[in-house]
Amino acid sequence: MDSSEITYSEIKSVFRECFNIKNKSEVMNMSSLIHNRKYATEITADNDGEQVSIAGWVHEKRHLGGVFFLIVRDLSGFAQVTLHKHKGGVEQELFERVKKVARESVVTIEGKVKSEPKAPNGYEIIPERMEVLSEASQILPLDTTGKVGAELDTRLDARFMDLRTERTKHIFIIRSQVLKAIRDFLDERGFIETNTPKIVSAATEGGTALFPISYFEREAFLNQSPQLYKQMLMASGFDRVYEIAPIFRAEEHDTTKHLNEATSVDIEVAFVSDKEVMAILEELIAFVYSKVGGYPGLAKLNWELEVPKIPFRRITYDEAIELLSEAGEEIEWGEDLSTSAEHTLGEIIGELYFITDWPCAIKPFYAQPVDVGVKGKRKDICNAFDLMHPKVELASGSQRVHSYELLKRNIESKGLSADSFEFYLDAFRFGMPPHAGWGLGVERLLMSMLGIDNIREVVLFPRDRRRLAP
Ligand code: ATP
Ligand code: MG
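Since this is a predicted model, take the numbers as computed values, not measurements.

Trainee: Where do I start with the nonpolar core in this structure?
Mentor: For soluble globular proteins, the rule of thumb is that nonpolar side chains tend to be buried together. In this structure, Trp 438 and Leu 440 are the most contacted members of the largest nonpolar core, which totals 54 residues. Of all the secondary-structure elements, those providing two or more residues to this core are α6 (166-188), β10 (240-248), β11 (261-270), α8 (274-293), β14 (381-389), β15 (392-399), β16 (435-441) and α13 (442-450). Considering every element that reaches this core, the biggest residue donor is α6, with 10 residues. Ranked by size, the runner-up nonpolar core spans 21 residues in total, among them Val 58, Val 81, Phe 95 and Tyr 123.

Below, the structure is given as structure tokens:
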């Protein structure tokens, strides 16, 4: 058992943060099934002599001569329940029962607190009552103590159980905090949260394959991103919108940074250019880092977070291929950056950075070409950017084309049919302000922020080429 337990008040503050719970009694009401239930780390040695009830999972059982230790685990941490064999009475009867309870069974324990410096959180409970609410099978798919490691696939097959381990639990509490921080940040800046359809007709932005689905007598698709819809909302007068939702990509990649169902934070802002939305993005990233940096559960991931300094470094696409060339990696102008090129650049730069001024040919039709009037700028370059972590791309964005004619020409020049984009193009014919936006992968942000190598670790139930269950 490690001594760096997270205190109840820390867990409570996470609850408050995550669920906006105002006071302790509301937290307690969530567990009205067990009268006056306390979390393991809510109890301390100061409660010596008090009667308490706890509820949780049987984490460990230890039999040492005439003493039996039952370690009960709950959301907050661990409580030690101590039974003596030869005490007679209730304790004797309990001793016989507790011995037989399978690990990971769900139990409630009622008893007296006794100060015990050697126990987790400095106390033990001398039980008077125990109830088994749900008996676990003897053979467990995973070890929850962290003593026996398991392959990621085995962990994902038994994800409900994997979530009982400290490390995985904290990853998902952090994920919840990250999403909350993103919403807080954007709400604070006057953004409206929106929900756009995930079932769409044919029109694809290109760049990725879609998942076809059967939609009554027609074919439909799972949306690759809210791009077209969030842009259409710019014609609504909403000015600043965001969406946090799944995106679906049918690419057959089997990599550690791709999922077939991912979560994207998308924003779109009217009357601004790419420069303003880049500033929003870097401020948002720094804000999220600062929020998560204060979370004590980070220690369980053996990770320390340094809040990145803003503004992030900006390099142009041309500078990127120049740096790569100096490092011996040749990229022809107009080619996209491979994963290996991204890694090489990441090693050279070593911090979060933007790549700007991309060739239009490798950016989508909605990316705005630079103003040809700007001295020294070429018209085959777009006001598009990628936000890069040294290990992985985090976000892509751009200033958008808002001219109906140019947009239509761009769609056609990418070999797509303007007819199938009619619903989208229409929004550009009746008053569309200039606008810009980006899409940020939630899982990419989490994995890079927490130093986690495989993206599947930060999704509860990941979907990849081979995995459709659980
Ligand atoms: P990559 O080149 O890294 O595959 P992309 O350029 O195809 O990503 P975009 O279309 O720019 O991705 O999507 C915006 C963001 O959404 C990406 O920067 C990334 O953070 C996230 N994202 C895109 N595709 C995936 C995926 N398959 N799995 C997880 N995250 C993704
Ligand atoms: Mg991209």
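Past the structure itself, the notes keep going.
Trainee: What is the right way to look at the coordination of the magnesium ion (ligand 2) in this model?
Mentor: In an ideal tetrahedron of four donors about a metal, each angle is 109.5 degrees. In an ideal octahedron of six donors, the angles are 90 or 180 degrees. In this structure, Glu 393 (OE) and Ser 396 (OG) serve as the protein donors to the magnesium ion (ligand 2), at separations of 2.2 to 2.3 Å. The exposure class assigned to Glu 393 is partly exposed, which follows from its relative accessible area of 22%.

Trainee: I tried to follow helix α9 (residues 317-326) on my own but got confused; where do I start?
Mentor: Helical geometry note: an α-helix holds 3.6 residues per turn, so side chains three or four residues apart project in the same direction. Taken residue by residue, α9 has Tyr 317, Ala 320, Ile 321, Leu 323 and Leu 324 as its buried positions. In an axial view of α9, the angular spread of the buried residues amounts to 155°, which keeps them on one side of the axis. If you follow the buried residues of α9, they end up packed against β12 (313-316), α10 (339-349) and β13 (353-359). In the stretch just after α9, Gly 328 is the one whose phi turns positive, near 90°.

Trainee: Help me understand unusual backbone geometry, please; the structure alone is not making it clear to me.
Mentor: Backbone phi values are negative for most residues with the exception of glycine, while trans is the configuration of most peptide bonds. Note that the residue after Ile 310, namely Pro 311, is joined by a cis bond; omega there is 0°. Looking at where Pro 311 falls in the secondary structure, it is placed in the loop between α8 and β12. Ala 469 connects to Pro 470 through a cis peptide bond whose omega is -5°. In this fold, Pro 470 is placed in the segment after α13. Residues other than glycine seldom take positive phi values, yet Glu 104 does so here, at roughly 75°. Mapped onto the elements of the fold, Glu 104 is located in the loop between α3 (89-100) and β4 (106-115). Owing to a relative accessible area of 3%, Glu 104 belongs among the buried residues under this scheme. You will see that Asp 239, though not glycine, has its phi angle at about 65°, which is positive.

Analysis parameters
- Residues numbered from 1 in each chain as written.
- Chains lettered and ligands numbered in written order.
- Predicted model: local features only at pLDDT ≥ 70, side-chain atom pairs only at ≥ 80, totals over all residues.
- Heavy atoms only, no water.
- Core = buried A, V, L, I, M, F, W, Y, C linked by side-chain atoms within 4.5 Å.
- Buried < 20%, exposed > 50% of the residue type's maximum accessible area, 1.4 Å probe, protein only.
- Helix = DSSP H or I, 4+ residues; strand = E, 2+ residues; numbered from the N terminus.
- Donors = N, O, S within 2.8 Å, 3.2 Å for Na, K, Ca; no water.
- Arc of directions from axis to C-beta.
- Contact = heavy atoms within 4.5 Å.

As far as function goes, none of this settles anything; it's purely spatial.
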